[in-house]
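Chains, contacts and geometry: an overview
Letter by letter, the chains look like this.
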Amino acid sequence: MKHLLSIALVLTLGMAPVMAQQAVSDVDAVKKRAELNSAKASLEEARKKRDMAVAERWKDRETANQERELFNEKYQESKEKVDALMSERARLFEDVRVAREDLAQVKLQAEKARAEFLSLAAGPERLETLSKFQEQGVPFKVSERVEVQNKVKKEMGLYRDDPLRIAKSLLEAARSEMDFTREISLEKAELIFGTSVAQGSRLRLGGLYAMEMADVAADEAGNKATALMLPIAGEKKRTYGWQENLTPETKADVSKAFAATKDSAYIMVPVDVLLSTELSSELANHTETTWKDDLKQFFKDGGILMYPITVLFILGILIFLIRYIWISIVGFGGKAARAALKALDAGDVAKAKEESAKARGEVGKVLKTVFAKEYPNRASAEKALEVLFASDVPKLEKGLNWVSVFASTAPLLGLLGTVMGMIELFDVITMHGTSDPKLLAGGISIALVTTEAGLIVAIPLQLLHTFLVNRADALRSRMEKTGLAVLNALWIKEKSDA
């Protein structure tokens, strides 16, 4: 047994390197096998993952195919629905086209009906007849009547779609105009007679007639100021104005009419029912006046400024007459002066000296100034003439500027009077309005009276001033010509004698 153990030990010791080498190779083989197994395991795992991924992909593809089939089914259904909708749309478009054509026909018929309906609405031309009454009748309540018609015109523009409303407004305007034509108005008011204002009574019968009369006497005879609203002749359109220059019979009838309004049930008035200028002129007495009466009325219409304008005219005429007479006197030298000048022209200085002693006027002064003394030379004689001219020439022009000043001041005073008159006229318009054209025209004409008077004074005074200035210049020229002739005759003669 021991022998066996020894053999075994020997064998074991002999085999130990081989076994050790074998053990190392076995370990490497195990490692490689382990690595191989690990690689197989990884490969298997990768194959499993691949199989799972492939299975997942097939599953996704199958799901996608199912979804695609479902989408295709829905798409087919939707397409069928769209096709049905398109067919319905085409049908609806056709229905709409037919409906539009029907609507166009309906609109055309509606426009025709509307045009026929609007043609029933009255236009502004319907008011022309009512407007004519304002021009043909007495001008009272003109602003109110015009306002009513303007309101109707405005409604005609705003409510053309409502002919019934326009017709009602037009009928209302016609009714108000008819009410005016049958109104009887008796009132106390401030009345205008010419340029004066007086308290009195005014009676109006619609648009046909009006009269007024002051409460107190207007003239020395005790007659009250009376006026009738009558048509004015000579106008293209019929106009009315207050006429005060009435016949005595007409004034008496007006006075009786106003007296009867207090205690009588009816009155008689001198009315021209035909509203004709021929019959109306018979109610007024157009009496002829003399030039003195016209002048007095002209002076009265001008007012207070006519007095200074007249004073300027009188003073200007007086100054003109005084200066004209004086210039005529000093400008007349007499036969002696003419003889002396002829002698000078002939060269006879001795005879000229004799005649100069008899000469008069400014020309005579020039001759005497030169011939009175024996001047040593011409310069001394010229100085003496200069002294004479310096003292006498201003006398010729004395007072002439006053005539020019009066001629310039007169139209300014006239303009001042016109301005004052226009201010008074505007005050009257403020109180009584502009319904009476005659009142406005009369007031303006009266306001222009002072301007006319100023020009009447200024024009002749300016002409007279120019005339006097020319006369004075002519006399001064004669004096200068005479002095030069004397100087030339004396000193040229002395030189020739020497």
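These lines cover the structure that appears in this document, whether it is placed above or below.

Calculation criteria
Residues numbered from 1 in each chain as written. Predicted model: local features only at pLDDT ≥ 70, side-chain atom pairs only at ≥ 80, totals over all residues. Heavy atoms only, no water. Helix = DSSP H or I, 4+ residues; strand = E, 2+ residues; numbered from the N terminus. Buried < 20%, exposed > 50% of the residue type's maximum accessible area, 1.4 Å probe, protein only. Contact = heavy atoms within 4.5 Å. Areas by Shrake-Rupley, 256 points an atom, 1.4 Å probe, with all protein chains shown as cover. Pairing = 2+ DSSP bridges. Axes fitted to C-alpha atoms, helices over the stretch in contact; angles between N-to-C directions. Patch = residues over 30% accessible without salt bridge, like charges linked within 9 Å, V, L, I, M, F, W, Y side chains within 5 Å. Salt bridge = Lys/Arg side-chain N within 4 Å of Asp/Glu carboxyl O. Lys, Arg positive; Asp, Glu negative; His and termini not counted. Charge placed at Lys NZ, Arg CZ, Asp CG, Glu CD. Core = buried A, V, L, I, M, F, W, Y, C linked by side-chain atoms within 4.5 Å. Phe/Tyr/Trp six-rings, centres within 6.5 Å; stacked < 30°, edge-to-face > 60°. Lys NZ or Arg CZ within 6 Å of the ring centre and 35° of its normal.

If you tally the helices and strands in the chain, you get 15 helices and five strands. Here the chain holds 498 residues, and 29% of them are scored as buried. Once local pairs closer than 6 in sequence are excluded, the contacts in the chain between residues at least 24 apart make up 62%. Summed over all atoms, the accessible surface of the chain reaches about 33,300 Å², with 61% contributed by carbon and sulfur.

Our focus in this paragraph is the sheet that holds strand E3 (residues 209-217). Within the open sheet, the five strands sit side by side as E1-E2-E3-E4-E5. Their pairing is antiparallel. What marks the edges here is a single partner per strand, and that holds for strand E1 (184-193) and strand E5 (240-243). In this sheet, adjacent strand axes meet at a mean angle of 25° when their direction is disregarded. Pairing geometry for E1 and strand E2 (residues 196-205), over 10 bridges, is antiparallel. Bridge assignment links Ile-192 to a residue of E2, and that residue is Val-197. Here helix H5 (residues 248-263) sits on the sheet in contact with E1, E2, E3 and strand E4 (224-231), set at roughly 85° to E3.

Once that is clear, we can look at a negative patch on the surface. A surface patch of negative charge is lined by Glu-69, Glu-73, Glu-77, Glu-80 and Asp-83. Residue placement: Glu-80 occurs in helix H1 (residues 2-118).

Turning next to the environment of Glu-397. Its location among the elements puts Glu-397 in helix H12 (residues 378-397). Distance from Glu-397 to Val-469, taken between C-alpha atoms, is 7.2 Å for residues 72 residues apart in sequence. Setting aside chain neighbours within four positions, we find Glu-397 in contact with Arg-323, Asp-473 and Arg-476.

The next thing to look at is the nonpolar core. Counting residues in each nonpolar core, the largest one holds 18 residues, and the members touching the most others are Leu-396, Leu-475 and Met-479. Contributions of two or more residues to this core are made by helix H8 (306-331), H12 and helix H15 (449-497). Here Leu-396 is in contact with Arg-323, Trp-326, Ile-327, Val-330, Glu-362, Ala-472, Leu-475, Arg-476 and Met-479, once residues within four sequence places are set aside.

With that out of the way, let us pick up the packing of aromatic side chains. Counted according to the given criterion, the structure contains five aromatic pairs. Note on Tyr-324 and Phe-467: the rings are 5.8 Å apart at their centroids and 35° apart in plane angle, and the pair reads as tilted. Taken as a pair, Tyr-324 in helix H8 and Phe-467 in helix H15 lie far apart in primary sequence, 143 residues in all. In textbook terms, an aromatic cluster arises when at least three aromatic residues are bridged by ring pairs, as seen for Phe-320, Tyr-324 and Phe-467. The ring centre of Trp-58 lies 4.8 Å from the NZ or CZ of Arg-61, which sits over that ring. When the ring centre of Tyr-159 is taken as reference, the NZ or CZ atom of Arg-165 above it lies at 3.7 Å.

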